[in-house]
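Descriptive analysis of the structure
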Amino acid sequence: MNPVDQVTGRAIPLGLANIDTDVIIAADHLKTVTRLGLGVHALESLRRVPGNVIDDPAYQGATILIAGANFGCGSSREHAVWALMDRGIMAVIAPSFSDIFSGNAFKNGMVTVVLPQPAIDRLMEVAATEPITIDLTTMTVTTPYQDRFIFDLDAFRRDCLIHGTDEIALTMENAAAIGSYEARVEALLHSPGT
């Protein structure tokens, strides 16, 4: 997982509530185990609507998605996070997230920021013309207009994101202790009288 302490860039002002994982990536595209190439299918049902904000050239290369409440609800689908990240989205800001989506996002290095609806409304307004910055060090979302919104994030998740430490890396940090334990168990299993 790549370290991320800050995400700065244009934000797609989607703002829709209850976007489920099937809308983020349809079930037809779940046959792959690779993370690459799913971005072209991200939010495709919404992108079929003429004049949709997702395909607006003004948001080409956007790194942030601003969504409505309950983002990522529905089935557990890690492919949803993969698809958004493959499209270049490194962070999602919303009033609330599905727990499963939030967990999958964290495990893949995507930042999820929970802010109250008035802050979302303001960011949607700013996103129309200006970039937004999410800073994990200061736990703030800021704009060029001096808007500053403070958010909470679990300290463990924040530390892992900033240092790029996933579950495997955390386990490997204890490799010596794990090896020592396994050697003791092996010795006990092969000692006389067992």
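Structural data are supplied above this passage.
All values derive from a computational prediction rather than experimental measurement. (Residues numbered from 1 in each chain as written. Predicted model: local features only at pLDDT ≥ 70, side-chain atom pairs only at ≥ 80, totals over all residues. Heavy atoms only, no water.)

1. Structural notes on the pattern of salt bridges
By the definition in use, this model includes five salt bridges. Among the ionic pairs, Asp-22 bridges to Arg-77, the shortest N-O distance being 3.0 Å. Of the two residues, Asp-22 is situated in helix H1 (residues 21–24) and Arg-77 in the loop between strand E3 (64–66) and helix H3 (78–86); the sequence distance between them amounts to 55 residues. When its relative accessible area of 40% is taken as the criterion, Asp-22 is described as partly exposed. A residue is classified by how much of its surface remains accessible, and Arg-77, at 11% relative accessible area, is buried. Here Asp-55 makes a salt bridge to Arg-47, at a shortest N to O gap of 3.0 Å. (Salt bridge = Lys/Arg side-chain N within 4 Å of Asp/Glu carboxyl O. Helix = DSSP H or I, 4+ residues; strand = E, 2+ residues; numbered from the N terminus. Buried < 20%, exposed > 50% of the residue type's maximum accessible area, 1.4 Å probe, protein only.)

2. Points about the nonpolar core
Among the nonpolar cores identified, the biggest contains 28 residues, and Ile-24, Phe-71, Leu-84, Val-92, Phe-101 and Met-110 are the most heavily contacted of them. Listing elements by their share of this core, those giving two or more residues are H3, strand E4 (91–94) and helix H4 (99–107). With six residues, the top contributor of residues to this core is H3. Those residues in contact with Phe-71 that lie beyond four places of it in its chain are Ile-19, Ile-24, Leu-65, Leu-84, Val-92, Ala-94, Ser-96, Phe-97, Ser-98 and Phe-101. (Core = buried A, V, L, I, M, F, W, Y, C linked by side-chain atoms within 4.5 Å. Contact = heavy atoms within 4.5 Å.)

3. Digging into the pairing of strand E6 (residues 132–135)
Because side chains alternate across E6, one face comprises the buried residues Ile-132 and Ile-134, and the other comprises Thr-133 and Asp-135, equally buried. Across three bridges, the pairing between E6 and strand E7 (residues 140–142) is antiparallel. Looking across to E7, one finds that Ile-134 is bridged to Val-141. Between E6 and E7, which pair antiparallel one after the other, the connecting turn spans four residues, and Met-139 there sits at a positive phi close to 60°. (Pairing = 2+ DSSP bridges.)

4. Considerations on the environment of Trp-82
When you line up the elements, Trp-82 lands in helix H3. Beyond its immediate sequence surroundings of up to four residues, Trp-82 is in contact with Thr-32, Val-33, Thr-34, Arg-35, Leu-38 and Asn-108.

5. Remarks on unusual backbone geometry
With phi around 60°, Asn-18 is a residue other than glycine that occupies positive phi space. Along the chain, the position of Asn-18 falls in the loop between strand E2 (11–13) and H1. Positive phi is not limited to glycine here, since Met-139 has a value of about 60°. Structurally, the position occupied by Met-139 is in the loop between E6 and E7. A residue is classified by how much of its surface remains accessible, and Met-139, at 13% relative accessible area, is buried.

6. Here's the deal with the sheet that holds E4
In any sheet, the strands associate via hydrogen bonds between backbone groups, in a parallel or an antiparallel arrangement. Strand order in the open sheet formed by four strands is E2-E3-E4-E5, with parallel pairing between adjacent strands. Either end of the sheet is taken by a strand with one partner, and the two such strands are E2 and strand E5 (111–114). Strand after strand, the sheet turns through a mean of 15° between neighbouring axes, direction not considered. The pairing of E4 with E5 spans four bridges and is classified as parallel. Bridged to Ala-91 within E5 is Val-111. (Axes fitted to C-alpha atoms, helices over the stretch in contact; angles between N-to-C directions.)

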